[in-house]
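As a plain string of letters, each chain reads:
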Amino acid sequence: MLPDDIQPIDDSDSLLPDESIAADRQTLLPVLYSLKAAGYYAYGMLDENNRWTIAADDELGRIDVRVGQDGYEVVLGMNSPGLYADEESIYKQASRSRLARIAIPRIARGFLEPHQTARWDDIDQGVAVAEHYELPFARADAIGKFVRENHPKLEDLLTLIEQQLD
């Protein structure tokens, strides 16, 4: 017996995982076409949270688009691999990387907008930045153009973070 202030959730109307993925695939199809029309090699995939995502990679970085609460959730990402690769001493390289991991969250709090994130990428050994947007479902055809115009602007953000680490 449950206490009076706790009610079971009736999710009988919610979609099963397979149905949700199928619905998202259909909803994201215009995004796939828009990114391809803008010159990106775009493809569909399941992300780390088992959500259907349209992804694209190019020389600038990564683009991920998924179905959000009220529209398309667009994440533009960029990183700078090997930030301290030219450091001769592996101990100094490790120390600078550790310091960057500690400093980046503080820098982010002071310099970034709420839709921007920055972190240390352990795999690429450099700074990674991202911007998160939500575009209305009606703008699916314009997402390729939106990405083409806004993705290069991340380079300034990446440069800002790296300058703060020097």
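Our subject in this report is the structure included herewith. (Residues numbered from 1 in each chain as written. Predicted model: local features only at pLDDT ≥ 70, side-chain atom pairs only at ≥ 80, totals over all residues. Heavy atoms only, no water.)

### Quick word on the sheet that holds strand β5 (residues 116-121)
To summarise the sheet geometry, strands pair through backbone hydrogen bonds and adopt either a parallel or an antiparallel arrangement.
Consideration 1: Taken in spatial order, the 6 strands line up as β1-β2-β3-β4-β6-β5 in an open sheet, and their pairing is antiparallel. Each edge of the open sheet is held by one strand with a lone partner, namely β1 (42-46) and β5. Neighbouring strand axes in the sheet, compared pairwise and without regard to direction, differ in orientation by 25° on average.
Consideration 2: Pairing of strand β4 (residues 72-79) with strand β6 (residues 126-135), which is carried by 8 bridges, proceeds in the antiparallel orientation. (Pairing = 2+ DSSP bridges. Helix = DSSP H or I, 4+ residues; strand = E, 2+ residues; numbered from the N terminus. Axes fitted to C-alpha atoms, helices over the stretch in contact; angles between N-to-C directions.)

### Structural notes on the layout of surface pockets
Consideration 1: Approximately 530 Å³ is the volume attributed to the largest pocket.
Consideration 2: If you go around the largest pocket, you meet 21 residues; those closest to its centre are Arg62, Asp64, Gly77, Arg119 and Ala130.
Consideration 3: Secondary structure elements with two or more residues in the lining of the largest pocket: β3 (62-67), β4, β5 and β6.
Consideration 4: Taken together, the residues of the lining of the largest pocket break down into 8 nonpolar, 5 polar and 8 charged. (1 Å grid on protein atoms, 1.4 Å probe; cavity = no way out; pocket = protein on both sides within 12 Å on 5 of 7 lines; lining within 4 Å. Points joined across faces, edges and corners; volume = space filled by probe spheres on them. Nonpolar A, V, L, I, M, F, W, Y, C, P; charged D, E, K, R; others polar.)

### Things to note about the packing of aromatic side chains
Consideration 1: In the structure shown here, the tally under the stated rule is 4 aromatic pairs.
Consideration 2: Relative to Tyr43, the ring of Tyr41 lies with its centre 5.6 Å away and its plane at 40°, an arrangement referred to as tilted.
Consideration 3: What makes Tyr41 exposed here is its relative accessible area of 62%.
Consideration 4: Geometrically, the ring pair formed by Tyr84 and Trp120 is stacked, given 5.9 Å between the ring centres and 20° between the ring planes. Separated by 36 residues along the polypeptide, Tyr84 in the loop between β4 and α2 (90-111) and Trp120 in strand β5 bring together distant segments of the chain.
Consideration 5: Given a relative accessible area of 7%, Tyr84 falls into the buried group.
Consideration 6: By relative accessible area, Trp120 is classed as buried at 8%.
Consideration 7: One residue, Arg25, lies across the ring of Trp52, its end atom 4.3 Å from the ring centre.
Consideration 8: For Arg148, the ring lying beneath its charged end belongs to Tyr40, and the centroid distance is 4.0 Å. (Phe/Tyr/Trp six-rings, centres within 6.5 Å; stacked < 30°, edge-to-face > 60°. Buried < 20%, exposed > 50% of the residue type's maximum accessible area, 1.4 Å probe, protein only. Lys NZ or Arg CZ within 6 Å of the ring centre and 35° of its normal.)

So far we have only geometry, and geometry alone does not tell us how the molecule works.
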